[in-house]
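# Results of the structural survey
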Amino acid sequence: MFVQLILSGVAQGSIYALVALGMTALFRATTIVNFGHGEFFMGGAFVLYVMINVVGLPFLPGALLAIVVMFLVGMTIERVLIRPMGLAPHIALAMMTVAFSFLFRGIARAFWGREVLPMPAVFSFPPIDVAGVIITTQDLLITGMTLFFVVLFFIFFQRTNLGRIAQAASANPRGASLVGINVNLFHGTMWGVAAGLGAIAGILVAPITLLYPDMGALILIKAFAAMTLGGFGNLGGAVVGGLLIGILEQLSGGYLSTALIDIFAYLVIIAVLLIRPAGLFGIRESQRV
Amino acid sequence: MSDLQATLPAGPVRRPASAKRWLVRLAIAVLLLLPPVFSNDYVQYVVNLIVVYALVAVGFNVVLGYLGQLAFANAAFFGIGAYTCGISMVHLGLPFWAALVPTGIVSLAAGALVGLPALRLKGYYLAIVTLVLGELMRWSYIHGDVLTAGSSGLGIPPATAAGFTFGTEDEKYYLFLLVAAVMIWATNNIIRSRIGRSWVAIRENELATAALGMSPAVGKVTAFAWSGFVVGIAGALFAILIGRIAPESFNLHQLLLHFAIVMIGGLGSILGSILGAIVLTAAPEVLRNFPGMEEIVFSLLLIGVLLFMPRGLQGVLVGWFPRLRERLYRE
């Protein structure tokens, strides 16, 4: 049972990690905490649903198209809602993300009402049985894809020239724009990338979960838990934090009480922020006077 | 020496209220007493809801607008107030007016408790913790079903006082108006007191506030406590108004409504909060047959406010009637 719980925890945690990675990347690049990130997750799943059930595409092209759509949505948000606010205080920017999150939720609800939609099963391979431990194909796929995207993301940021430009632009926007980097374009791209990562997570869980307009709110809190645990703003920390939350959640559900699964992430957030706000890998912030 | 003394005012200047000002006050009071005469039951229910949400918004504004902290614990305070009142009435058998005492104490304490992490956590961290707190409270309403009756909801008996039952919507209106008027009046006075000014000072610059010898810690905890208190009392009124409270009444949707009322009405303005409540409370009643429309309309309004009118409805009103400016911003 222990191994089984760990495995499903890793699969679940991969999703949290992917969402948290997108949020952290955006936070690092723009210093905005996106309260609407759950809606990117929800949006990815819903656009995929439309692509498959309304447009009639097969899964793979539908999924790719959904990611592209969400990337463009992310860029549009930056251009239309965030950039005009300029140097507004952080609180106002956070309020803006709250506002557009409810906008997306409302749009989803306007089309789907109060229904809960099941996604048609895409993959139906039999689960693999390894010495009594059952591994579903979906779990393997989720974990594998997450690993793939995380590695891709880190290679891009640490090894490519474009990644170095991105680092420069987030470390010092003013300096970067002085040496000829288009910081606005960079911010727009990062919103797109964040939305894309959120959408990928939504697409990965869509076949095994039910779709409903509020599905983003829960994942947002889980991603916050992952980010806080790993150290707010730490890219690697977000991934590790996500996996840890997934595993601990399953263990607490398996050994203590299933009701705990729902609130485990909440308790982690409160405990970490009260005891060690810097999380596992964060650096303590010092205040500049 | 005596000349100098004569030019220095002894304490704050109090202008004697002129006959005209008394007339205006009288007119407002009469207008406030009138709605039940003209409304039917349903309209009166919506008017009562407006009174409740005006009080909620005034309380939320203390933290969001005056103290300038992004905290999302408001739906939690609202729920704590409603459930404390409901539990005191159902399980302890207290009448409504007596139930207001534990409600006030518990929500004041809840506010102060949320204020404590606000001392350490800034900006986003506080927003996240308070958001989580709201969801945690909702979970405990569902799982604490011995007291809260779980997901099916807790039935609330009607309010009584000295043998009189506030059964109809009209009767509830006068009760609500009295409670809300007292609370809003008190909030208005506190904001103009030394402590209220320290809230605004913290919003503008926390370090400078500390340097001036005002304690940001005391300011924050008192602001949160007062906010929790006002919103908790509003929660008690809400429980009486709808007669049955369920965990789902205090979800993120409720939070959006509070948030939108304060933001659209105008941050840091009591008049704005009341205006926001009037405009936005009626909207869900109109839009309820179109799923999602409420969220779409509210969020578009919020985006509009954030982009184009940072002072909200109150700011627009001041723009139209410059005479109001002096009245609203005067000490």
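Residues numbered from 1 in each chain as written. Chains lettered and ligands numbered in written order. Predicted model: local features only at pLDDT ≥ 70, side-chain atom pairs only at ≥ 80, totals over all residues. Heavy atoms only, no water.

Under an unreviewed UniProt entry, the name given to chain A is Branched-chain amino acid ABC transporter permease, and the organism recorded is Propylenella binzhouense. Word for word, the UniProt comment on chain A under Subcellular location (unreviewed entry) is "Cell membrane". What the UniProt record of chain A gives under Sequence similarities (unreviewed entry) is the line "Belongs to the binding-protein-dependent transport system permease family. LivHM subfamily." (UniProt positions renumbered as here; feature names shortened; annotations may be inferred.)

Counting secondary structure elements, chain A contains eleven helices and four strands. For chain A, whose C-alpha radius of gyration is 19 Å, the value lies close to the compact-globule estimate of 19 Å for 289 residues. Judged by the C-alpha coordinates and their principal axes, chain A covers about 60 × 45 × 35 Å. Contacts in chain A between residues at least 24 apart in sequence constitute 77% of all its contacts with a sequence separation of at least 6. A total accessible area of about 13000 Å² is found for chain A, and carbon and sulfur atoms account for 69% of it. Side chains of chain A carry 13 positive and 9 negative charges; the gap between the two charge centres is 17 Å. (Helix = DSSP H or I, 4+ residues; strand = E, 2+ residues; numbered from the N terminus. Rg over C-alpha atoms; globule rule 2.2 N^0.38 Å. Contact = heavy atoms within 4.5 Å. Areas by Shrake-Rupley, 256 points an atom, 1.4 Å probe, with all protein chains shown as cover. Lys, Arg positive; Asp, Glu negative; His and termini not counted. Charge placed at Lys NZ, Arg CZ, Asp CG, Glu CD.)

Relative to the 34 Å expected for 24 residues at 1.5 Å per residue, helix α3 (residues 59-82) of chain A spans 33 Å between its end C-alpha atoms, a close match to the ideal helical length. The complete set of buried residues in α3(A) reads A:Phe59, A:Gly62, A:Ala63, A:Ala66, A:Met70, A:Gly74, A:Ile77, A:Glu78, A:Leu81 and A:Ile82. Against α2 (37-55), α4 (90-112) and α8 (183-205) of chain A together with α15 (293-308) of chain B lie the buried residues of α3(A). (Expected span 1.5 Å × (residues − 1). Buried < 20%, exposed > 50% of the residue type's maximum accessible area, 1.4 Å probe, protein only.)

Within the largest apolar cluster, 194 residues are counted, with the highest numbers of intra-cluster contacts made by A:Phe35, A:Phe224, B:Phe96 and B:Phe259. Leaving out residues up to four positions away in the same chain, A:Phe224 has contacts with A:Met23, A:Val33, A:Phe35, A:Ile269, B:Ile128 and B:Leu131. (Core = buried A, V, L, I, M, F, W, Y, C linked by side-chain atoms within 4.5 Å.)

We now examine the packing of aromatic side chains. If you walk through the whole model with that rule in mind, you get 21 aromatic pairs over all chains. Taken together, a centroid distance of 5.2 Å and an interplanar angle of 80 degrees make the contact between A:Phe27 and A:Phe232 edge-to-face. Placement of the pair is A:Phe27 in helix α1 (residues 2-30) and A:Phe232 in the loop between α9 (215-230) and α10 (235-255), with a sequence separation of 205 residues. Owing to a relative accessible area of 13%, A:Phe232 belongs among the buried residues under this scheme. With centroids separated by 5.8 Å and ring planes inclined at 70 degrees, the aromatic side chains of B:Phe72 and B:Phe259 adopt a geometry described as edge-to-face. On the criterion of sequence distance, the pair formed by B:Phe72 in the loop between α4 (41-66) and α5 (74-90) and B:Phe259 in helix α13 (residues 252-265) is long-range, its members being 187 residues apart. (Phe/Tyr/Trp six-rings, centres within 6.5 Å; stacked < 30°, edge-to-face > 60°.)

Moving on to the interface of chain B and chain A. The interface of chain B with chain A comprises 37 residues on the first partner and 45 residues on the second. Here chain B meets chain A over a buried area of about 3600 Å², counting both sides, of which 81% is carbon and sulfur. If you sort the residues of chain B by the area they bury against chain A, B:Tyr124, B:Tyr125 and B:Ile128 come out on top, with a joint share of 19%. Across the chain B-chain A interface, the total number found is one salt bridge. When the shortest N-O distance is used, the salt bridge between B:Glu295 and A:Arg109 registers 2.7 Å. For the pair chain B and chain A, the interface holds two residue pairs in polar contact (both at pLDDT 80 or more). Secondary structure elements with two or more residues in the side of chain B that touches chain A: α6 (96-120), α7 (124-143), α13 and α15 of chain B. Per-element accounting of the side of chain B that touches chain A gives the leading share, eleven residues, to α7(B). Of the residues assigned to the side of chain B that touches chain A, the class counts are 26 nonpolar, six polar and five charged. (Buried area = accessible area lost by both parts, 1.4 Å probe. Salt bridge = Lys/Arg side-chain N within 4 Å of Asp/Glu carboxyl O. Polar contact = N/O pair within 3.5 Å; in protein donor to acceptor, adjacent residues only side chain to side chain. Nonpolar A, V, L, I, M, F, W, Y, C, P; charged D, E, K, R; others polar.)

Right, let's get into the environment of A:Ala278. Mapping A:Ala278 onto the fold places it in the segment after α11 (259-275). Along the backbone, A:Ala278 and A:Gly233 are 45 residues apart, and their C-alpha atoms lie at a distance of 9.7 Å.

Here the focus is α7(B). In this model, α7(B) (20 residues) spans 29 Å end to end at C-alpha, consistent with the 28 Å of a helix rising 1.5 Å per residue. Counting buried positions along α7(B) gives 14 out of 20 residues, so the element sits mostly inside the fold.

Here we come to the packing of α9(A) against α11(A). Residues and elements named next belong to chain A. Direction vectors running N to C along α9 and α11 enclose 35 degrees, while the axes themselves pass 9 Å from each other. The way α9 lies across α11 gives a crossing that is left-handed. From α9, Leu218, Ile221, Lys222, Phe224, Ala225, Thr228 and Leu229 reach across to α11, where they touch Ile261, Ala265, Tyr266, Val268, Ile269, Val272 and Leu273. Taken together, the residues of the contact of α9 with α11 sort by class into twelve nonpolar, one polar and one charged. (Axes fitted to C-alpha atoms, helices over the stretch in contact; angles between N-to-C directions. Left-handed = near helix turned anticlockwise from the far one by under 90°.)

Moving on, we come to the packing of α13(B) against α15(B). Residue and element names in this part refer to chain B. Between α13 and α15, whose axes approach to 10 Å, the crossing angle comes to 35 degrees. α13 and α15 meet at a crossing whose hand is left-handed. Between α13 and α15, the residues in contact are His253, Leu256, Leu257, Phe259, Ala260, Met263 and Ile264 and Glu294, Glu295, Phe298, Leu301, Leu302, Val305 and Leu306, respectively. Grouping the amino acids of the contact of α13 with α15 by side-chain chemistry returns eleven nonpolar, one polar and two charged.

A word on the side chain of B:Ser249. Looking at the element boundaries, B:Ser249 is found in the loop between β4 (244-245) and α13. With sequence-adjacent residues up to four places away left out, B:Ser249 is seen in contact with B:Phe238 and B:Gln254.

This brings us to the pattern of salt bridges. For the coordinates displayed, the defined rule picks out ten salt bridges over all chains. For A:Arg105, the salt bridge identified is with A:Asp214, shortest N-O distance 3.8 Å. Of the two residues, A:Arg105 is situated in helix α4 and A:Asp214 in the loop between β4 (210-211) and α9; the sequence distance between them amounts to 109 residues. A:Arg105 sits in the buried class, given a relative accessible area of 6%. Where B:Glu204 meets B:Arg203, a salt bridge forms, and the shortest distance between an N and an O atom there is 3.1 Å. Looking at B:Glu204, the relative accessible area reads 55%, which means it is exposed. Judged by relative accessible area, B:Arg203 falls into the partly exposed class, the value being 34%. In the salt-bridge network here, residues are joined through shared partners; they are A:Glu39, A:Arg105, A:Arg109, A:Asp214 and B:Glu295.

Residue and element names in this part refer to chain B. The grouping of Leu23, Leu26, Val30, Leu31, Leu34, Val37 and Phe38 at the surface amounts to a nonpolar patch, some 740 Å² of accessible area in total. Residue assignment for the nonpolar patch shows that the elements contributing at least two residues are α2 (19-33) and α3 (35-38). For the nonpolar patch, the element with the most residues is α2, which contributes four residues. Locating Val30 in the fold gives a position in helix α2. Classification of Val30 as partly exposed rests on a relative accessible area of 43%. (Patch = residues over 30% accessible without salt bridge, like charges linked within 9 Å, V, L, I, M, F, W, Y side chains within 5 Å.)

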